[in-house]
Each structure stands twice: as C-alpha cells, then as structure tokens.
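# Survey of secondary and tertiary structure
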Amino acid sequence: MTRREFVVLLGGATVATPLSVRAQQPAMPVIGYLGVGSADSDVPLAAFRQGLSEAGYAEGQNVTIDYRWAEGNSERFPALAAELVMLKVNVILTTGGTLAAKAAKRATATIPIVFTAVGDPVEEGLVASLARPGGNVTGFSIALPDLIGKFLELIKEAVPGASQVALLFKPDTMPDRVREARLRMADASARALGVKLHVFEARGREDFEAAFSDMSKAGADALVVWATPLFSLERRRLADLAAEHRLPAVFFNRSFVEAGGLMSYGPNIPDLNRRAAIYVGKILKGTKPSDLPVEQPTKFELVINFKTAKALGIAVPPSLLARADEVIE
C-alpha cells in the first residue's frame, strides 16, 4: 500500500466513524400529550413544560412531545389516544379529566399513562388504589367530589340570604353510580346548610344557554359549578352567563375568577400538571407507573373577584376576604 493510499483510507475511516456512532444513538423518547382544548387554550401546558425541566428534560433537546388536541370535544379522545398508541410513544400524559384518562387506558395496557384532573380514579376504575395503582396508569386526582360541601359553604357565607342554589355539571364525565353518589353527597351538604339544591346538566357548550335559563326559572339565588375540563375551556362564557343572570357563582379554579366569576376554591391545576411532568420524567428514566402512587392536591386556593361582587351588589364579609389567597380588584 502506498503512503497516499494509506492516508486516504485513514481519512475515510475518520469520517465514517462519527456517522456510525450517530446511527447507533437511540432516538429521543416521545411523550404523547392528550389535551382537552388546544395549544392556545391549554393553561397547564406551561406548567407541564416547567415540570419536565425540573425532571431534566427539554422539548426538542432530549425529549419529543406529540400533541393531540380534542378541541373541547371529549368524543374525540378515543381516536386521539389510539393515534398516540400507533405512534408508539413512550408515555402518555392526559389533561382531559376522567374521559381522556379512560380513553388512553382503553387504547393501551402497556404504554405508561399519567393522568391529571381526575376526580376519583379508584371509583372510576382507572387504578386499583391510590397507594398501589397497579397496571400502567397513575397520576393526580383533583379530589373535587369532596369539595362540593365546601363550595356550598362559601357561597352561603358570601350570600347569606341564598336559599336556592343551582349546581351545574357535565353528567357523562363519570359512571352512573359515581354520579348518583356525588349528587347525594351534594344534596346532603345543601340540606345541612338549609339550602335547596337544583341540579342542571350541560353536556356541551350548546347546553349552557338553556341551563342558565332554567336556573332563572327555578329561582336560583346562586350557582356552584362542578369541575370538568370542558367547563374550564368555556370559563369566560360561563362567567359571562352567571353575570348576565346575576348569579353569584363559585367555581373550581382561579381561571374562572380571572374571567369574571365571583370566586373559586380548589387545587392549583398548573401545579398538578407540573408534578405530573415530574412523574413523566421518572417513567422515562425507568420507574414503573405501578410504583408511583396516585397523588392528591397539596395546594388549595380561594380567589375572590371583588369587582364582580360589587357589580352583583354583594357585600363580601371581611372574614371571607381575609381568608382569600387573592382578591382581584
């Protein structure tokens, strides 16, 4: 072999080696993100990315995220979940409450699933228990069924003269037996406060107008809005309708109050999504979902819109204002 041939051969090997090494490098892990709204409307998305950063991941650098958005239509969850499974993502994160989590669970028994904003994951058949979820599903419960009594106490404190309270909820977000149990719990809480509870259903945004009209006909003095991701997407419309019908309302997260609702009490939803991202990070590093207990909220906040209270002619008691985590002027 001549010296020239040796140099050419050596140069070729130098070029070829990095290409070979790169070809052997594993692809970035992929997270399937199943959202209820859209990229523009999903408030917890920034918090999720923050949690990923805390877990050591940055989108586009060492992890890829495939987004699927239901655009407010929960009937799309099964097809969107199936798409993520077909893509063979490494883990699925759902932010669409019980319906999204169930759709993902039905779509796969092997890909890990982390859910957020689920009321009672045990009763709703998602996990075996909070401490030992079992299977491929874990996540974060908002535990709001236990807070209906608290909502009623708050609205009664803000509006002492309220005797007829409307409860707005989306009936298809839970099994029949779970729904009936929660409605019985809500009714018992109302009777303990000397309040008559009127229940109204809204399966979609097209039902809002009729529901509020029926509330007025029933003589409702105030309103409690039950938690569901669809209602969160429509928070401004619901806040506007409550103002239009002069119904002081308590909602389940602060975004409603920022949109003009009277007050909210509930878990910090962005914080739950931040923590869910940390769970996703642990799973990507090898932890099994069955080894991650379902966690419940650690942060609850009371937010009051003082401007809305004045517009409704409500004198919010100083004791209630003093307990608020934030008062929006």
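The structure displayed is predicted, hence computed values, not measured ones. For every chain, the first residue of the written sequence is number 1, and numbering continues from 1 along that sequence. Local features in this predicted model are restricted to residues whose pLDDT is 70 or higher, and side-chain atom pairs enter the listing and the counts only when it is 80 or higher, whereas totals over whole chains, interfaces and linings include all residues. Side-chain measures here rest on the full set of heavy atoms in the structure, leaving out hydrogens and waters.

## Re the overall build of the chain
Each helix is a run of H or I in the DSSP string that is no shorter than four residues. Each strand is a run of E no shorter than two, and both are numbered from the N terminus. Along its length, the chain carries 13 helices and 12 strands. A separation threshold of at least 6 residues defines the contact pool for the chain, and within that pool the share at least 24 residues apart is 69%. We call two residues in contact when some of their heavy atoms are within 4.5 Å.

## Some points on the sheet that holds strand β4 (residues 113-118)
Pairing is parallel across the open sheet formed by five strands, whose spatial order is β2-β1-β3-β4-β5. In this open sheet, the two edge strands, each paired with only one partner strand, are β2 (64-69) and β5 (137-141). Within this sheet the neighbouring strands show an average axis-to-axis angle of 20 degrees, counted without direction. What makes two strands pair is DSSP finding at least two bridges between them. Pairing of strand β1 (residues 30-35) with β2, which is carried by six bridges, proceeds in the parallel orientation. Its bridge partner lying in β2, Gly 35 is registered against Trp 69. A fitted line through C-alpha atoms serves as each axis, taken over the contacting stretch for helices, and the angle formed by two N-to-C directions is quoted from 0 to 180°. Set on the sheet, helix α2 (residues 45-54) makes contact with β1, β2 and β3 (91-94); between it and β2 the angle comes to about 160 degrees.

## Structural notes on the pattern of salt bridges
One side chain can pair with another of opposite charge once the charged atoms of both are near each other. Within this document, salt bridges are pairs made up of a side-chain nitrogen of Lys or Arg and a carboxyl oxygen of Asp or Glu, the two lying within 4 Å of each other. Under the counting rule described, the total for this entry stands at 18 salt bridges. A salt bridge links Arg 254 to Glu 258, with the nearest nitrogen and oxygen atoms 2.8 Å apart. On the criterion of helical spacing, the pair formed by Arg 254 and Glu 258 is a turn pair, its members being four residues apart in helix α10 (residues 254-258). Exposure remark for Arg 254: the relative accessible area of 23% places this residue in the partly exposed category. For Glu 258, a relative accessible area of 47% gives the class partly exposed. Note on classification: 1.4 Å probe, protein chains only; a residue is buried when its accessible area is under 20% of the maximum for its type, exposed when over 50%, partly exposed between these limits.

## Regarding the sheet that holds strand β6 (residues 164-169)
Read from one edge of the open sheet, seven strands run β7-β6-β8-β9-β10-β11-β12, paired in mixed fashion. Pairing within the sheet leaves two strands with one partner each, and these edge strands are β7 (196-201) and β12 (326-328). Neighbour-to-neighbour, the strand axes of this sheet turn through a mean angle of 20 degrees, independent of strand direction. As paired strands, strand β9 (residues 249-251) and strand β10 (residues 263-267) are joined by two bridges and run parallel to one another. In the sheet register, Val 250 faces β10, and the bridge partner there is Met 263. Contacts between helix α5 (residues 148-158) and the sheet are confined to β6, β7, β8 (222-225), β9, β10 and β11 (300-305), with β10 contributing the most and set at about 155 degrees to the helix.

## Some details on the nonpolar core
Each nonpolar core is a collection of buried residues, namely Ala, Val, Leu, Ile, Met, Phe, Trp, Tyr and Cys, held together in the definition by side-chain atoms within 4.5 Å. With 77 residues, the main nonpolar core has Phe 48, Leu 168, Phe 212, Met 215, Leu 223, Phe 231 and Met 263 as its most contacted residues. Counting 22 residues, the second largest nonpolar core, distinct from the first, contains Val 36, Ala 70, Leu 80 and Ala 101.

## Digging into the confidence of the model for the chain
You can read pLDDT as the predictor saying how much it trusts each residue, on a scale of 0 to 100. Taken residue by residue, the chain gives an average pLDDT of 89. The fraction at 70 or more is 90%. Per-element confidence in the chain is highest for helix α3 (residues 77-86), whose mean pLDDT is 98, and lowest for helix α1 (residues 3-24), whose mean pLDDT is 45. Low pLDDT, under 50, characterises residues 6-25; the predicted model gives this stretch two contacts beyond four residues in sequence or across chains.

## Digging into the packing of α3 against helix α4 (residues 97-107)
Here α3 crosses α4 at 45 degrees, and the two axes come no closer than 8 Å. In terms of axis orientation, α3 runs oblique to α4. Like other packed secondary-structure pairs, α3 and α4 cross with a definite hand, here right-handed. Judged by residue contacts, Phe 77, Pro 78, Ala 81, Ala 82 and Val 85 of α3 engage Leu 99, Ala 100, Ala 103, Ala 104 and Ala 107 from α4. We call two directions roughly parallel when the angle between them is under 35 degrees, roughly antiparallel when it is over 145, roughly perpendicular when it lies between 65 and 115, and oblique otherwise. Here is the rule for handedness: rotate from the far helix to the near one, and if that takes an anticlockwise turn smaller than a right angle the crossing is left-handed, while a clockwise turn gives right-handed.

## Focus on the environment of Ala 166
By the secondary structure assignment, Ala 166 is in strand β6. Of the residues examined, Ala 166 reaches a relative accessible area of 0% and is grouped as buried. Separated by 55 residues in sequence, Ala 166 and Asp 221 have C-alpha atoms that sit 7.7 Å apart. Here Ala 166 is in contact with His 198, Phe 200, Met 215, Ala 220, Ala 222, Leu 223 and Val 224, once residues within four sequence places are set aside.

## Section: the pairing of β7
Relative to β7, β6 runs parallel, the two being bridged by six bridges. Residue Gln 164 lies in a different strand from β7, and its bridge partner there is Lys 196. When the strands point away from the viewer, a crossover counts as right-handed if the path from the first strand over the helix to the second runs clockwise. Each parallel crossover has a hand, and for β6 linked through helix α6 (residues 176-192) to β7 it is right-handed.

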